[in-house]
Amino acid sequence: MKNAVYPGSFDPITNGHYDIIMRSSNLFDNLIILISNNPAKKYLFNVEQRVYIAKELTKDLKNVKVMEHQGLLIDFLVENEIYYIIRGLRAVSDFEYEFEMALANRWMSERKVDTVFLMTDEKYFYLSSSLIKQISSLNGDVSGMVPDLVSKMLKEKYNQESQ
Ligand code: ADP
C-alpha cells in the first residue's frame, strides 16, 4: 500500500489545493490531508473549521482522510509509517522553501521519507490562500477560485468581523 500525506495550513482550501488533492488521491492508495495547527501562527479559520472544510470537500473520495497535527511533520510520518509527502509547486518562489523542507524531512527521517511535487495546474498558478483572504476581506468575489463552501464561509467570516 502506498500512503501519502498532503500537509498544509489550508487556511482556507483553494481550488489549487483541491486540484492537488484530486490528483494525488489518484496516485496513492491512501491520502491523508494533514491540517497544521501551529500555535505560533495566526489563522483566519480555526483548525476545526479547516478540518470541517476539508472533510466536506472530500467526503466522496474513499481513499482520502483528514487529520490535524501540531508539531513536526516528520514525527507524524514516523509514527504512522508514511513515507511520502505531497506538495504543490507554483511559481519559482515556492521552490526554494520547498527544496529546503524536502531535504530537511529526508534528512530527519534517515532518508526514508520522500517529497513528491505536483506542478500546479496553470489555472491555479497565481492562487494562494493569502490572496483569497485579501480579496474576500475587501468584499471581492472569489467564486471560481475556491470551492463554494469556502466562498460561503469567507463571506460569513468577513460579515461577522465587520459587524
Ligand atoms: P503551508 O503553510 O504548508 O505552505 P498552504 O496551505 O499554503 O500550507 O499550502 C499547502 C501546499 O499546497 C503547499 O505545497 C503549496 O505549495 C500548495 N499549494 C498552495 N496553493 C497551490 C496552488 N494554487 N496550486 C498548487 N499547489 C498549491
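Everything below is about the structure printed above this text.
Small disclaimer: the values here were computed from a predicted structure and weren't measured.

Colleague: Just checking my understanding: could you explain the side chain of Ser-24 for this structure?
Modeller: In this fold, Ser-24 is placed in helix α1 (residues 15–27). Excluding its chain neighbours within four sequence positions, the residues that come into contact with Ser-24 are Leu-31, Ile-86 and Leu-118.

Colleague: Help me understand the sheet that holds strand β5 (residues 114–119), please; the structure alone is not making it clear to me.
Modeller: With respect to topology, five strands assemble into an open sheet ordered β3-β2-β1-β4-β5, the strand pairing being parallel. The open sheet has two edge strands, β3 (64–69) and β5, and neither has a second partner. For this sheet, the mean angle separating the axes of adjacent strands, direction not counted, is 30 degrees. As paired elements, strand β4 (residues 84–89) and β5 share six bridges and run parallel to each other. Each residue of the ladder has a partner; that of Gly-88, found in β5, is Leu-118.

Colleague: Any chance you could explain the pairing of β3 here in plain terms?
Modeller: Each regular strand shows side chains that alternate between the opposite faces of the sheet. As paired elements, strand β2 (residues 30–36) and β3 share six bridges and run parallel to each other. Within β3, the position partnered with Ile-32 by the bridge is Lys-65.

Colleague: What should I look at first to understand the pattern of salt bridges in this one?
Modeller: When the charged atoms of two side chains lie near each other, side chains of opposite charge can form a pair. Enumeration over the complete set of coordinates arrives at eight salt bridges. Measuring nitrogen to oxygen at the nearest pair gives 3.1 Å for the salt bridge that ties Lys-59 to Glu-56. The shortest N-O distance in the salt bridge between Lys-123 and Asp-121 comes to 3.5 Å.

Colleague: How should helix α3 (residues 73–80) be read in this particular structure?
Modeller: In an α-helix, one full turn covers 3.6 residues, which means residues spaced three or four apart are oriented alike. For α3, the complete set of buried residues consists of Leu-73, Ile-74, Phe-76 and Leu-77. Here the buried residues of α3 occupy an arc of 160 degrees about the axis, which is enough to place them on one side. Across α3 from its buried face, at more than 90 degrees, point the exposed residues Val-78 and Glu-79. Once α3 ends, the next one or two residues include Glu-81, with phi positive near 50 degrees.

Colleague: When you look at the site of the ligand in this model, what are you seeing that I'm missing?
Modeller: In the neighbourhood of the ligand, 17 residues make up the surrounding shell, with Tyr-6, Ser-9, Phe-10, Gly-88 and Thr-120 lying closest. Here a nitrogen atom of the ligand and a side-chain polar atom of Thr-120 are 2.9 Å apart. In isolation the ligand exposes 550 Å². Once the protein is present, 87% of that is buried. Here the ligand occupies the largest pocket. Contributions of two or more residues to the shell around the ligand are made by β1 (3–8), α1, β4 and α4 (92–108). For the shell around the ligand, the residue count by class is six nonpolar, six polar and five charged.

Colleague: Mind showing me how you'd approach the environment of Arg-106 here?
Modeller: Mapped onto the elements of the fold, Arg-106 is located in helix α4. Each C-alpha atom, one on Arg-106 and one on Ala-91, is 23 Å from the other, the two residues being 15 residues apart in sequence. Non-local contacts of Arg-106, meaning those with residues more than four positions away in its chain, are made with Arg-111, Lys-112, Val-113 and Asp-114.

Colleague: How should the nonpolar core be read in this particular structure?
Modeller: Most often, soluble globular proteins have nonpolar side chains that are buried together. Judged by nonpolar contacts, the single largest core of 33 residues is most densely connected at Ile-35 and Leu-154. When residues of this core are traced back to their parent elements, those giving at least two are β1, α1, β2, α2 (47–57), β3 and α6 (148–162). Val-5, Leu-73, Leu-77 and Ile-85 belong to the second-largest nonpolar core, a separate cluster that totals ten residues.

Colleague: Just checking my understanding: could you explain the layout of surface pockets for this structure?
Modeller: A probe matching the size of a water molecule, rolled over the atoms, marks out where space remains unfilled. By volume, the largest pocket amounts to about 1100 Å³. Lining the largest pocket are 44 residues, with Pro-7, Gly-8, Ser-9, Arg-87 and Tyr-97 sitting closest to its centre. Of all the elements in the fold, those that place two or more residues in the lining of the largest pocket are β1, α1, β2, β4, α4, β5 and α5 (129–137). If you tally residues by element for the lining of the largest pocket, the top one is α4, at seven residues. Along the lines of polarity and charge, the residues of the lining of the largest pocket split into 18 nonpolar, 18 polar and eight charged.

What counts, and where the lines are drawn
Residues numbered from 1 in each chain as written. Predicted model: local features only at pLDDT ≥ 70, side-chain atom pairs only at ≥ 80, totals over all residues. Heavy atoms only, no water. Helix = DSSP H or I, 4+ residues; strand = E, 2+ residues; numbered from the N terminus. Contact = heavy atoms within 4.5 Å. Pairing = 2+ DSSP bridges. Axes fitted to C-alpha atoms, helices over the stretch in contact; angles between N-to-C directions. Salt bridge = Lys/Arg side-chain N within 4 Å of Asp/Glu carboxyl O. Buried < 20%, exposed > 50% of the residue type's maximum accessible area, 1.4 Å probe, protein only. Arc of directions from axis to C-beta. Near = heavy atom within 4 Å. Polar contact = N/O pair within 3.5 Å; in protein donor to acceptor, adjacent residues only side chain to side chain. Areas by Shrake-Rupley, 256 points an atom, 1.4 Å probe, with all protein chains shown as cover. 1 Å grid on protein atoms, 1.4 Å probe; cavity = no way out; pocket = protein on both sides within 12 Å on 5 of 7 lines; lining within 4 Å. Sits in = over half its atoms within 2 Å of the grid points. Nonpolar A, V, L, I, M, F, W, Y, C, P; charged D, E, K, R; others polar. Core = buried A, V, L, I, M, F, W, Y, C linked by side-chain atoms within 4.5 Å. Points joined across faces, edges and corners; volume = space filled by probe spheres on them.

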